[in-house]
Each structure stands twice: as C-alpha cells, then as structure tokens.
Amino acid sequence: MTALPSPNHCCSSSSSAYSVNSSIGFHQIQRNIPFSLIPQKKFGSKNVSFRSKCSPSLPDVVLMQDAPSPKELKEGLLTVEDRNTVVSDGKGDDSTVSITIVGASGDLAKKKIFPALFALYYEDCLPEHFTIFGYARSKMTDAELRDMVSRTLTCRIDKRENCGEKMEQFLKRCFYHSGNYDSEENFTELDGKLKEHEAGRVSNRLFYLSIPPNIFVDAVKCASRSASSANGWTRVIVEKPFGRDSESSAALTRSLKQYLEEEQIFRIDHYLGKELVENLSVLRFSNLIFEPLWSRKYIRNVQLIFSEDFGTEGRGGYFDHYGIIRDIMQNHLLQILALFAMETPVSLDAEDIRNEKVKVLRSMRPIRVDDVVVGQYKSHTRGGLSYPGYTDDKTVPKDSLTPTFAAAALFIDNARWDGVPFLMKAGKALHDRRAEIRVQFRHVPGNLYNRNVGTDTDRATNELVIRVQPDEAIYLKINNKVPGLGMRLDRSNLNLLYKARYTKEIPDAYERLVLDAIEGERRLFIRSDELDAAWSLFTPVLKEIEEKKVIPEYYPYGSRGPVGAHYLAARHNVKWGDVGVDE
Ligand SMILES: NC(=O)C1=CN([C@@H]2O[C@H](COP(=O)(O)OP(=O)(O)OC[C@H]3O[C@@H](n4cnc5c(N)ncnc54)[C@H](OP(=O)(O)O)[C@@H]3O)[C@@H](O)[C@H]2O)C=CC1
Ligand SMILES: O=C1O[C@H](COP(=O)(O)O)[C@@H](O)[C@H](O)[C@H]1O
C-alpha cells in the first residue's frame, strides 16, 4: 500500500508523490462522496495520476493540501484501490510515462503530435521519466525518426533560450519501432523495448492512434493485449473520424470496448483544445455581464463559422468518404455549440461538463434537409494563377458529389434556446481562413436612437465575436456616439485582441490535449454518449443528402462560397456576420 505523504509535500516540484487521490475527482473527496473507481481490471491496479506544473487542474491539487486523513481512509471513504492511486508531479518519483505514436510516419504525427510533445518538454510540462516511441510499418532507425521529427520542431517565439540544446535532449528521448498494426508479435516486441526504457518503474502508457480509422481496432487489440502496462495505467488517444454515421460509430465504440474501458479511451476533438474554445466557459461563467444575456431573451442568433483558404490538397482520398459535414460540423462546430449553449455544470469536473453537453445535444431538433445547403469548389483562375477544383484531385472520383462546403440551421428545443437559430457554416477553398463564434443580440426595444441608427437594425444591434483563429480575439460591437457636436452613432469594437494583450505564445491545441491525456483529465475529450448524440443529430440528414444525391452548389476556389448560404440565413431572418464592411 502507498504510504500517505505529508500534506506539506503538496505542490513542491521537488517532492515525490504529493497527495493520495484518484485520477478522477479531487472534488469528490472534498465532498465526502465515495469514489467509483476507474476499472483497472485489464491493466493492473496501481493508478498514478500525473499533474505537471502546466496543468489547468493544479488549483485542485492545491486544495488537496488537506489530503484525506488516515481516519477518512479508515472510515471507508476511499477504497483500498484508491489508496493505491497516487497523484504525482512526476518529479523524482518512481513512475514513468511511455508515449507511443502509432502511425508515426504520417502527416498528423509529423505536423502536430511530435511538435506538441516537444513544446511540452520545452515548457517542462512532461514528467521526469518519459519516453516517446514512434510505431509504424515504415522501416526507420531511431536516428532516421529523430531526423524526420527534428525537421518539424520549433521553439516558442517568446522564449528561445537553449532551443537547440533542448531539441537535442528531446530527440534523445524519441525511439522508433517498426511493426504492423495487426501484429501482436510486433506489439510484444514494442512492449519489450518500452520495458527496457521504463527500467522497473511503475509504467504508464499512452498510445496515440494517428492512423487511418479502418485500422484503429486492430491496433487497439494488439496494443492492449501485448503492450499495455502491467502495473500502471494504459490510455489510448483516438483520432477522428469516429465512424461516419450512428451505426458505424456505435460499432467502433463496441469494438474498442472489447479491449478498453471507456475511461481509457480519449476521443480527441482538437477544437476543444483551442484557447478560445476553452475560454468560452470562462467567458460565460466568470463574468456577470454575459450569462444573464445568454438565452433566447436577448440573443437573436448564434453563428459558428469555419473556413479554410485551401482545398483538400493531399487529403482528397480521406475527405471524399466523409465530406465537410462529418469533417467539421458534426464534431468541431457541434462541440463548440454544446459548450456555448449548455447549462451551468455542477462543477468543472469532466463528467459534470460532459453531462451538460449531452443534455444540449439531446435537446436539439432533428436537422431538416431543407435547412442544409451544400456546395463544392470548382477550379478558378485569378491573377494568372489557376486553382484546382475538388474533383481535379486524382484521389477524388470525377463525379463526386461530396460537399466541401455546407451551411445549416440548427435549433435547440429547450427553455433557454427555443426559437434561436444556431447557424453553422463550414467550407474549404474559400476566400479566407477563420473559425469564429458570432452572437447577434436582439435590437434595443424602443431605442431612443433609432433615428440616428438608420433603418438597418442589423447594423445597430450588438454582436459578440469570439474569434478562435487566426488572430485570436474577443470583441463586442457596440453603438457609440461619434465625438463632435452632432449626434451621429457608429459601431465600434470593444476589442480584446490576444496578441496585443498577452505576450505569451498561445499553445497549440494538441499540446493541451496530449498533456490532459497524460494527466487523465477527460474534460476536453468526447464521451461515448456525447458521440452518440452528435451522430443521432446528423446521421438522418446525411443519409437523406446521400440517398437523394443532392447536387452541391458549385463555388469558385477562393470565393465566399455558395449564395445558397445567404438564402438559408435569410429564411431564418439572419445575416451572416462575416460578410460586410466591419466584419
Ligand atoms: N492530418 C491531419 O491534419 C489530421 C488527421 N486526423 C486523423 O488522424 C489520423 C492520422 O492522420 P494522418 O497522419 O493524416 O494519416 P496518414 O494517412 O498520414 O497515415 C498515418 C500513417 O498510417 C499508415 N497508413 C496509412 N494508410 C494506411 C493503410 N491503408 N493501412 C495501414 N497503414 C496505413 C502510414 O504509416 P506506415 O505506412 O509507415 O505504416 C501512415 O504514415 C487519421 O485518423 C486522420 O483522420 C485528424 C485531424 C487532422
Ligand atoms: O479536423 C480537421 O481540422 C482541420 C482544421 O484544423 P485547424 O486546427 O487547422 O483549424 C481541417 O483542415 C481538416 O480537414 C479536419 O479533418
């Protein structure tokens, strides 16, 4: 049994284990509610939960200075297994984290995962003992992997000290094992190598499935059977797509659950790791001025906008099987919508937040095909340059009807949001790259200044814009008197532009999410019932679009997308906020 450390050890970065707890729920101890434990039956009983100095959960650990007393333990508030759970800052303790990137030779691994791990290392956010393994079929030596990874690493713009040295140190912790995704034998070899590096310490293992979805289950089966930890935790990050409709998603979940408990599955939606998306709850729940306005009473419509100024270049094969609704709307935009619209959760615990998100998703009205507009980009020549159409991609069938653009009107049939249109718009190969949430408020009843505002009430109403990217910002459009002797109003922005306010570079979403997975923090990952609810909403309309072979409206590469999106918005009495002079 693990000995209880003194509460004074809490939070000192040089201490070893600093409080006894479960990897889910510091709050539960404080509220004297007995734990339900993460089942560990397939993966050993010792449950070491790491909290780095970078953890957003750190305040919880601070609260745990008054860790459960021996009396509380004796009185059965914690079970024997709980006592085997140690929360550690990972410094000087006897546990190690092995991170295996399955599909390490691929695009996502190179572009996002290795750089995120390096950034965490650079910021001293990883535990003292960690090893990174790349796993894929490609033949590579450790040196070749390091060479490949080194090409994508960059140092923080705001801190460049010892950058080269840190890169070298990081690369020394990266190794490679070549193997098949469906070979238990190859995963057993990996297990042997991981054990060598773990050197008898408590082993915690994180597998990041950065591979195409058709091989998820094979890889999970082999990893869980042949390379899971014998004495610590084993977790698996699963990349989207989680199926392509309700049935295939449920089948994937069922298959994964043959080898993993739900608590071991970390379904990633990287939009949840974006700074401004995380800030959404802070904005709502820690500012008195917003939450009272957050309902049908004051909000006229909400717009969730995603656009990219490049096409599917290189990913056409994957994309054609999914399309923009599955690629962006069913996950990224719907997750943002759920966070935006949910009721106040009981606490910031993962389960409390996810419970509220599920309730919103389940309150949503089925989407009618009439409330969806689909488009596909076509080739376009501008300034002597010619841009390819979607079906010019060799991996895309010439007669493909797959939408690269969609706009939809959604409704939440609950007391808070009854009748408020939530408009979504997502597209590739458009005129700019942006992701934002726009909240258009109602007009001021009996506005004394109507005369000065003019007839366009849209121009006179307040709008809150949360710009997720690029140039992260939150701004509120207000009416203001133009200085001078006359009485003329204009619309101005109260603007919180992140790069002007904060000098620190904003971490990439993958950094936050990988760290959370290492720490066992599930708040930003998708629970299986959330996923079911999201698919239930989109599956019928997707089927209808596909069965009816709805012809997409063609739009030129680099344009603002199909005009149909404007007609759709107009039918719901909405004007898209990203179009216009002062967008
Ligand atoms: N790339 C991106 O920007 C994003 C990707 N994702 C998701 O992340 C995952 C990985 O994406 P990405 O890195 O782009 O994928 P890749 O197509 O680059 O595949 C990753 C690796 O998997 C192996 N692989 C590829 N195809 C097959 C196959 N048919 N059978 C067996 N192995 C195969 C290859 O490694 P080897 O041949 O060496 O075994 C490849 O390097 C996917 O699920 C994707 O949907 C999600 C969001 C964004
Ligand atoms: O999940 C996906 O996201 C990217 C956009 O991510 P971002 O962080 O660069 O905004 C998108 O290009 C891709 O098609 C999709 O699969």
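Structure: above.
A brief look at the structure comes next. Nothing here was measured: the structure is a model prediction, and the numbers come from that model.

**Description of the overall build of the protein**
The secondary structure content of the protein amounts to 19 helices and 21 strands. The 583 residues of the protein split such that 57% are buried. Split by element, the accessible area of the protein, about 25,200 Å² in all, is 53% carbon and sulfur.

**Considerations on unusual backbone geometry**
That bond from K240 to P241 is cis: its omega, 5 degrees, falls within 30 degrees of zero. Position of P241 relative to the elements: it lies in the loop between strand 8 (234–238) and helix 10 (246–257). Phi angles above zero are rare outside glycine, and D471 is one such case at about 50 degrees. Mapped onto the elements, D471 comes out in the loop between strand 17 (463–469) and strand 18 (473–481).

**Observations regarding the site of ligand 2**
Residues in contact with ligand 2, as listed here, are K240, H270, Y271, K274, E308, R315, D327, H332, K428, R433 and Q469. At 2.6 Å from an oxygen atom of ligand 2 is found a side-chain nitrogen or oxygen belonging to D327. A distance of 2.8 Å separates an oxygen atom of ligand 2 from a polar side-chain atom of H332. Notes on ligand 2: free accessible area 390 Å², of which the protein chains cover 84%.

**So, the sheet that holds strand 16 (residues 434–441)**
With respect to topology, 9 strands assemble into an open sheet ordered 19-18-17-16-10-15-14-11-21, the strand pairing being mixed. Since the sheet does not close on itself, it has two edges, and those belong to strand 19 (489–497) and strand 21 (553–556), each with one partner. Each strand of the sheet is rotated relative to its neighbour by a mean of 20 degrees, with strand direction disregarded. Looking at chain direction, strand 11 (residues 372–378) and strand 21 are connected through 4 bridges and run parallel. The partner of Q376 across the bridge, within strand 21, is Y554. Of the strands in this sheet, strand 10 (299–307), strand 11, strand 14 (405–410), strand 15 (422–427) and strand 16 are in contact with helix 12 (residues 316–341), which crosses strand 15 at around 145 degrees. Seen against the sheet, helix 19 (residues 564–571) touches strand 11, strand 14, strand 15 and strand 21 and runs at an angle of roughly 5 degrees to strand 14.

**Some words on empty space enclosed by the protein**
Under the defined criterion, the tally for this structure stands at 7 cavities of 30 Å³ or more. In this model, the largest cavity occupies a volume close to 100 Å³. I305, S307, F405, K425, L430, H431, D432, R560, H566, D578 and V579 are the residues that line the largest cavity. Class assignment for the residues of the lining of the largest cavity results in 4 nonpolar, 3 polar and 4 charged.

**Notes on the nonpolar core**
F170, I325, F340, L410, F422, L464 and F538 are the most contacted members of the largest nonpolar core, which has 154 residues in total. The element best represented in this core is helix 12, accounting for 15 residues.

**Notes on the site of ligand 1**
Taken together, 21 residues sit near ligand 1, with S105, D107, L108, S138 and Y181 positioned nearest. With respect to ligand 1, the backbone of L108 contributes an N or O atom lying 2.8 Å from an oxygen atom. Residue R137 places a main-chain N or O atom 2.8 Å away from an oxygen atom belonging to ligand 1.

**Overview of the pairing of strand 18**
Pairing between strand 17 and strand 18: 5 bridges, direction antiparallel. Following the sheet pairing, E463 is matched in strand 18 by K477. Between the antiparallel neighbours strand 17 and strand 18 lie 3 residues, among them D471 with a positive phi of about 50 degrees. When strand 18 meets strand 19, the two strands line up antiparallel, connected through 9 bridges. Its bridge partner lying in strand 19, N479 is registered against R491.

**Topic: the sheet that holds strand 6 (residues 174–178)**
Each strand in a sheet pairs with its neighbour through backbone hydrogen bonds, running either in the same direction (parallel) or in the opposite one (antiparallel). Spatially, the 7 strands line up as an open sheet ordered 6-5-4-7-8-9-20, and their pairing is mixed. A single partner strand is all that each edge strand has here, and the edge strands are strand 6 and strand 20 (525–526). Examined bridge by bridge, strand 4 (residues 95–102) and strand 7 (residues 202–209) share 8 bridges and lie parallel to one another. Its bridge partner lying in strand 7, T96 is registered against S203.

**Brief notes about the environment of D432**
With respect to the element layout, D432 can be found in the loop between strand 15 and strand 16. When the C-alpha positions of D432 and I324 are compared, they lie 16 Å apart, and in sequence the two are 108 residues distant. With residues near it in sequence (within four places) discarded, D432 still touches S307, E308 and D309.

**Here we look at the state of the cysteines**
Between two cysteines, a covalent bond joining their sulfur atoms is known as a disulfide. In the structure shown here, the tally under the stated rule is 2 disulfides. Disulfide pairing is shown between C155 and C163; the S-S distance is 1.5 Å. Measuring handedness by torsion sign, the sulfur bridge of C155 and C163 sits at about 85 degrees and is right-handed. For the pair formed by C155 and C163, the shared burial category is buried. Here the cysteine-cysteine linkages of the protein are recorded as 1-2, 3-4, numbering only bonded cysteines and doing so in sequence order. Its sulfur unpaired, C174 is 14 Å from the next cysteine sulfur, which belongs to C155.

The rules behind the values
- Residues numbered from 1 in each chain as written.
- Chains lettered and ligands numbered in written order.
- Predicted model: local features only at pLDDT ≥ 70, side-chain atom pairs only at ≥ 80, totals over all residues.
- Heavy atoms only, no water.
- Helix = DSSP H or I, 4+ residues; strand = E, 2+ residues; numbered from the N terminus.
- Buried < 20%, exposed > 50% of the residue type's maximum accessible area, 1.4 Å probe, protein only.
- Areas by Shrake-Rupley, 256 points an atom, 1.4 Å probe, with all protein chains shown as cover.
- Near = heavy atom within 4 Å.
- Polar contact = N/O pair within 3.5 Å; in protein donor to acceptor, adjacent residues only side chain to side chain.
- Pairing = 2+ DSSP bridges.
- Axes fitted to C-alpha atoms, helices over the stretch in contact; angles between N-to-C directions.
- Contact = heavy atoms within 4.5 Å.
- 1 Å grid on protein atoms, 1.4 Å probe; cavity = no way out; pocket = protein on both sides within 12 Å on 5 of 7 lines; lining within 4 Å.
- Points joined across faces, edges and corners; volume = space filled by probe spheres on them.
- Nonpolar A, V, L, I, M, F, W, Y, C, P; charged D, E, K, R; others polar.
- Core = buried A, V, L, I, M, F, W, Y, C linked by side-chain atoms within 4.5 Å.
- Disulfide = S-S within 2.5 Å.

Any link to function would need more than the numbers given here.
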